[in-house]
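Read off the chains here:
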Amino acid sequence: MKVLVTGVKGQLGHDVVNELVKRGHTAVGTDVEEMDITDAGIVRKVMTAEKPDAVIHCAAYTAVDAAEDNIDLCRKINAEGTENIAKIAREIDAKMLYLSTDYVFNGEGDRPWEPDDEREPLNVYGVTKYEGELAVEKYVEKFFTVRIAWVFGVNGKNFIKTMLKLGETHKDINVVNDQIGSPTYTYDLARLLVDMIETEKYGRYHATNEGLCTWYEFAEEIFRQAGMDVNVHPVTSEEFPAKAKRPHNSRMNKDKLTENGFKRLPDWQDALHRYLDIIR
């Protein structure tokens, strides 16, 4: 199978291409230099030339706080860029797997979000990813929408790398303790995404590593596994203000994966252990 992957320079796109190649698929990795997704003409040119059987769309504007000040750019990439890909995917009859986010929900309550729950995003990033979902659903029949959260991978910046760096110079760190969710290791996620694209089990899914934690608990576990003596102090979101509003509840129901025969991801603590082994 020939699969076009967008955002190949990012954490997830990098691992998806590696997993495709490992399984003997033809992977066409693109980033802004090869295919600027905001340029409909370029998207048409590249996708019609390559004629992939499937597209795994990892490229996105993910700077959540910066998005509040860069609404047009964020929308151009996350919504219009996704629409450009979706239209051509339909034309060439390619499957499309779109990576979305827990941020499409309002983050309230304490029950896990279901894949078909009402979407009510809290911030600009969430709104534009929701608009991307709508574009995929409008134009593509053979689509997977996979919502992920709290992503970390070898290739790029993430919370773990930030904590490790801070831990080198700070003995005390404040981390929010009122936002709960599940970390997601791109290596594990990439394997699931390739499992999915090899099937016709289309629809909306949620995919994160198993288990729940707060950012505070995540930070504590990072330093424990890394063997670093850092005091982590729990604070509220109000005490640690950010430009973009964050969801307090990022629990996501992943039963649909099991129901469709997909293997769920390992526990997040296990994923963290394997990740630290690679980057340290």
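I will try to describe carefully the structure that is included in this document. Quick caveat, the model's predicted, so the values are computed rather than measured.

## A closer look at the packing of aromatic side chains
And step 1. Counting across every chain of the model gives 14 aromatic pairs.
And step 2. The interplanar angle of 65° and the centroid separation of 5.0 Å between the aromatic rings of Phe-152 and Tyr-275 together place this pair among those described as edge-to-face. Of this pair, Phe-152 sits in strand S6 (residues 151-152) while Tyr-275 sits in helix H10 (residues 268-279), and the two are 123 residues apart along the sequence.
And step 3. Look at Tyr-275 and you get buried, because its relative accessible area is 0%.
And step 4. Here Lys-201 stacks its cationic end above the ring of Phe-262, 5.7 Å away from the centre of that ring.
And step 5. One Lys or Arg, Lys-256, reaches over the ring of Tyr-205 and ends 4.9 Å from the middle of that ring.

## Quick look at unusual backbone geometry
If a residue is not glycine, its phi is most likely negative; likewise, a peptide bond is most likely trans.
And step 1. In this model, Asp-93 sits at a positive phi of 60°, which is unusual for a non-glycine residue.
And step 2. On the secondary structure map, Asp-93 appears in the loop between helix H4 (71-91) and strand S4 (95-101).
And step 3. A residue is classified by how much of its surface remains accessible, and Asp-93, at 54% relative accessible area, is exposed.

## As for the packing of helix H1 (residues 11-22) against helix H7 (residues 186-197)
Helix packing geometry: the angle between the two helix axes and the distance between the axes.
And step 1. For the pair H1 and H7, interaxial distance at closest approach is 8 Å and the crossing angle is 50°. By the criterion of interaxial angle, the relationship of H1 to H7 is oblique. The two elements H1 and H7 meet at a crossing, and its hand is right-handed. Counting all contacts with H1, which are made through Gln-11, Leu-12, Asp-15, Val-16, Glu-19, Leu-20 and Lys-22, the residues of H7 involved are Thr-186, Tyr-187, Leu-189, Ala-190, Arg-191, Leu-193 and Val-194.
And step 2. When grouped by side-chain class, the residues that make up the contact of H1 with H7 number eight nonpolar, two polar and four charged.

What counts and how
- Residues numbered from 1 in each chain as written.
- Predicted model: local features only at pLDDT ≥ 70, side-chain atom pairs only at ≥ 80, totals over all residues.
- Heavy atoms only, no water.
- Phe/Tyr/Trp six-rings, centres within 6.5 Å; stacked < 30°, edge-to-face > 60°.
- Helix = DSSP H or I, 4+ residues; strand = E, 2+ residues; numbered from the N terminus.
- Buried < 20%, exposed > 50% of the residue type's maximum accessible area, 1.4 Å probe, protein only.
- Lys NZ or Arg CZ within 6 Å of the ring centre and 35° of its normal.
- Axes fitted to C-alpha atoms, helices over the stretch in contact; angles between N-to-C directions.
- Parallel < 35°, antiparallel > 145°, perpendicular 65-115°, else oblique.
- Left-handed = near helix turned anticlockwise from the far one by under 90°.
- Contact = heavy atoms within 4.5 Å.
- Nonpolar A, V, L, I, M, F, W, Y, C, P; charged D, E, K, R; others polar.

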